[in-house]
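Understanding the architecture of this molecule
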Amino acid sequence: MSDSSLATAGPAHLLCVVAARPNLMKMAPILAALARQAPAVRVTLLHTGQHYDTAMNGQLFADLDLRAPDIALDVGSGSHAQQTAEIMRRFDAVLDAHPPLAPDALLVVGDVNSTLACALVAAKRGTPVIHVEAGLRSGDRRMPEEINRVLTDQLSDLLLTSEEGARANLLHEGIAAERIHFTGNVMIDSLRRQLPRAAKPAATLRAYGHACPPAYGLLTLHRPSNVDDPAQLKALLQALGQLSTRLPLLFPIHPRTLAGLRLAGLEPLLARHAIVRLPPLGYLEMLGLMQEARLVLTDSGGIQEESTALGVPCLTLRANTERPVTVTDGTNTLAGTDPAAILALASAILDTGGKRGRIPPLWDGHAAERIAAVIAPWLAARRRAP
C-alpha cells in the first residue's frame, strides 16, 4: 500500500500535540474519550518537549494514565522566538519524513508556544486545526500566552470552549458561530478522575524531609513578569514571607523561578520565613496539597481553575486573568502584585474563610465526552466531503 493510501485508509486520523504540564492534564481524558468513540478515531500523540524535565514528564504521564507519546520532538527550552521556531522546524520535518502521519486534523490544547507553532505548520499545510480551550482572553497582549491564544484561534477550524464567555470573545474576533462549541473544562475531568488518588499532604511533605503544618497555604510562581524581574520577585517574596508568619506556605519551585531566585540572590530570603521550599511536584502530589490548603496563591491559569473546582480560596498574583469565570463564579480573586493588597486580601480570607464560589457550567467531569462527540462526526463528515 502506498504512503498516500495509508494516510487516507481506515478511520479518521487525528494528530494530538502536548507540550507543557497543563496540556497533559487536558489531553489524557480527551484520548480516553476518543478511544470510546464509534466510529473510531486513530490518534497519534506528539510531545514537543517544551516541558523538558524528563523525570517530571514521566511522572505526569503515569499520574494521568496517559500513554507514552508516539513522537517526541525534544525541543527543550529557549526564548519564545527560538522555541516557537524550533518546534515549527522539527514538526514540519517530522511530517515530511513520515507521509503516513499526515492527519485528517491536528488537535492542540491550551496556549503554550507549541500550541501556536504546530497550528501554524498545520494551517500552512492545509491541515484543519482543532483548538481545545479556545476563546480565553486576558486582554493583555504583553502576555506571550495571549498572543498564542489569539493567533491559534484565528488558525483553527473547530474551536472548543471551556467557559461560556469564550464564545463572545471569538465572535467579536470574527470567528463563525458554527465553528464554536461549548464543551466545558476538560482539565476538571482529570481532576475529578484523579482526586481519589491524590497524595496525602503529610506523605508528600515527609518524602521531602518536612513535617506537614496543621494549616498551610500553597504558593506557585512562574510567570516571567513575576520571576524574571529581581525587584518584582523580591517584593513578592517579602510580602509572602510576612504572610507566612500567620500561615506557613508550601512553595513547589518551578525551574524558571529557581533560576530567577538564584540570579537575584534571593534564596536566603526563603529560609528566613515559614516558606517550605519544595521541588516541582507530580500531579497527584499537587492535587493533594491543593485540596487541603487554606489558601492558594498563584500566577498559574490552571491552578485558578483547579482551586475553583475544589472550592479552595485562590489569590491570583496578576493584574488580569484569561479565566474570568474563576472570579465571577469561582473562588478566585485577582490580587495583583502590590504587596499591601496581597497581604490585605490574604488576611481577609484567613479571617472569614474566603469566598467559596460555585462550580461553573460544564465543569462536571464530562467535557472530554462532549469534545469527542463533536470531533468524531466532524472528522467523518470532512472525510466524506468531495
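Since we're looking at a predicted model, the values are computed, not measured. (Residues numbered from 1 in each chain as written. Predicted model: local features only at pLDDT ≥ 70, side-chain atom pairs only at ≥ 80, totals over all residues. Heavy atoms only, no water.)

Quick look at the overall build of the chain
- When helices and strands are counted, the chain shows 18 helices and 13 strands.
- A compact globule built from 386 residues should have a C-alpha radius of gyration of about 21 Å, and the chain, at 21 Å, falls within 12% of that.
- Its C-alpha atoms give the chain principal-axis dimensions of roughly 70 × 40 × 40 Å.
- In the chain, which comprises 386 residues, the share counted as buried stands at 56%.
- Sequence-distant contacts, at least 24 apart, represent 69% of the contacts inside the chain between residues at least 6 apart.
- Distance between charge centroids for the chain: 2 Å, based on 37 positive and 36 negative side chains. (Helix = DSSP H or I, 4+ residues; strand = E, 2+ residues; numbered from the N terminus. Rg over C-alpha atoms; globule rule 2.2 N^0.38 Å. Buried < 20%, exposed > 50% of the residue type's maximum accessible area, 1.4 Å probe, protein only. Contact = heavy atoms within 4.5 Å. Lys, Arg positive; Asp, Glu negative; His and termini not counted. Charge placed at Lys NZ, Arg CZ, Asp CG, Glu CD.)

A word on empty space enclosed by the protein
- Counted by the stated rule, this structure contains one cavity of 30 Å³ or more.
- The computed volume of the largest cavity comes to approximately 40 Å³.
- Taken together, Leu-15, Phe-91, Leu-95, Pro-103, Leu-106, Ala-122, Arg-125 and Thr-127 make up the full set of residues lining the largest cavity.
- Taken together, the residues of the lining of the largest cavity break down into six nonpolar, one polar and one charged. (1 Å grid on protein atoms, 1.4 Å probe; cavity = no way out; pocket = protein on both sides within 12 Å on 5 of 7 lines; lining within 4 Å. Points joined across faces, edges and corners; volume = space filled by probe spheres on them. Nonpolar A, V, L, I, M, F, W, Y, C, P; charged D, E, K, R; others polar.)

Looking at the sheet that holds strand 13 (residues 332-334)
- Here we have six strands laid out as an open sheet, ordered 10-9-8-11-12-13, and parallel in their pairing. Looking at strand neighbours, the two that pair on one side only are strand 10 (275-278) and strand 13, the edges of this open sheet. Strand-to-strand, the axes of this sheet are offset by a mean angle of 20°, without reference to chain direction.
- The pairing of strand 8 (residues 217-219) with strand 11 (residues 295-298) spans three bridges and is parallel. Bridge pairing in strand 11 places Leu-219 opposite Leu-297.
- Packed on one face of the sheet, helix 11 (residues 230-244) meets strand 8, strand 9 (249-252), strand 10 and strand 11 and runs near 140° to strand 9.
- Those strands touched by helix 14 (residues 283-292) are strand 8, strand 9, strand 10 and strand 11, and its axis lies near 135° from that of strand 8. (Pairing = 2+ DSSP bridges. Axes fitted to C-alpha atoms, helices over the stretch in contact; angles between N-to-C directions.)

Points about the layout of surface pockets
- The volume enclosed by the largest pocket comes to roughly 1,200 Å³.
- Taken together, 48 residues form the lining of the largest pocket, with Ala-20, Arg-21, Pro-22, His-222 and His-254 sitting closest to its centre.
- Among the elements of the structure, helix 2 (21-35), helix 4 (80-97), helix 6 (144-155), helix 12 (255-264), helix 14 and helix 15 (301-310) are those that each provide at least two residues to the lining of the largest pocket.
- Tallied by class, residues from the lining of the largest pocket come to 20 nonpolar, 17 polar and eleven charged.

Some details on the side chain of Glu-145
- Mapped onto the fold, Glu-145 is located in helix 6.
- Within the structure, Glu-145 has its side chain in polar contact with the side chain of Arg-223 (distance 2.7 Å).
- Non-local contacts of Glu-145, meaning those with residues more than four positions away in its chain, are made with Asp-111 and Arg-223. (Polar contact = N/O pair within 3.5 Å; in protein donor to acceptor, adjacent residues only side chain to side chain.)

Considering the pattern of salt bridges
- Enumeration over the complete set of coordinates arrives at 26 salt bridges.
- Across the salt bridge formed by Asp-65 and Arg-197, the nearest N and O atoms sit 3.6 Å from each other. Here Arg-197 lies in the loop between helix 8 (186-194) and helix 9 (201-207) and Asp-65 lies in the loop between helix 3 (54-63) and strand 3 (71-72), a separation of 132 residues in the sequence.
- One salt bridge in this structure joins Glu-322 and Arg-318, with 2.5 Å as the shortest N-O distance. Taken as a pair, Glu-322 and Arg-318 share a single burial class, namely buried. (Salt bridge = Lys/Arg side-chain N within 4 Å of Asp/Glu carboxyl O.)

Section: the environment of Ser-162
- With respect to the element layout, Ser-162 can be found in the loop between strand 6 (158-161) and helix 7 (165-172).
- Taking relative accessible area as the criterion, Ser-162 reaches 3% and is therefore assigned buried.
- Sequence separation of Ser-162 and Arg-323 is 161 residues, and the distance between their C-alpha atoms is 9.3 Å.

The values reported here are purely geometric and, on their own, carry no functional implication.
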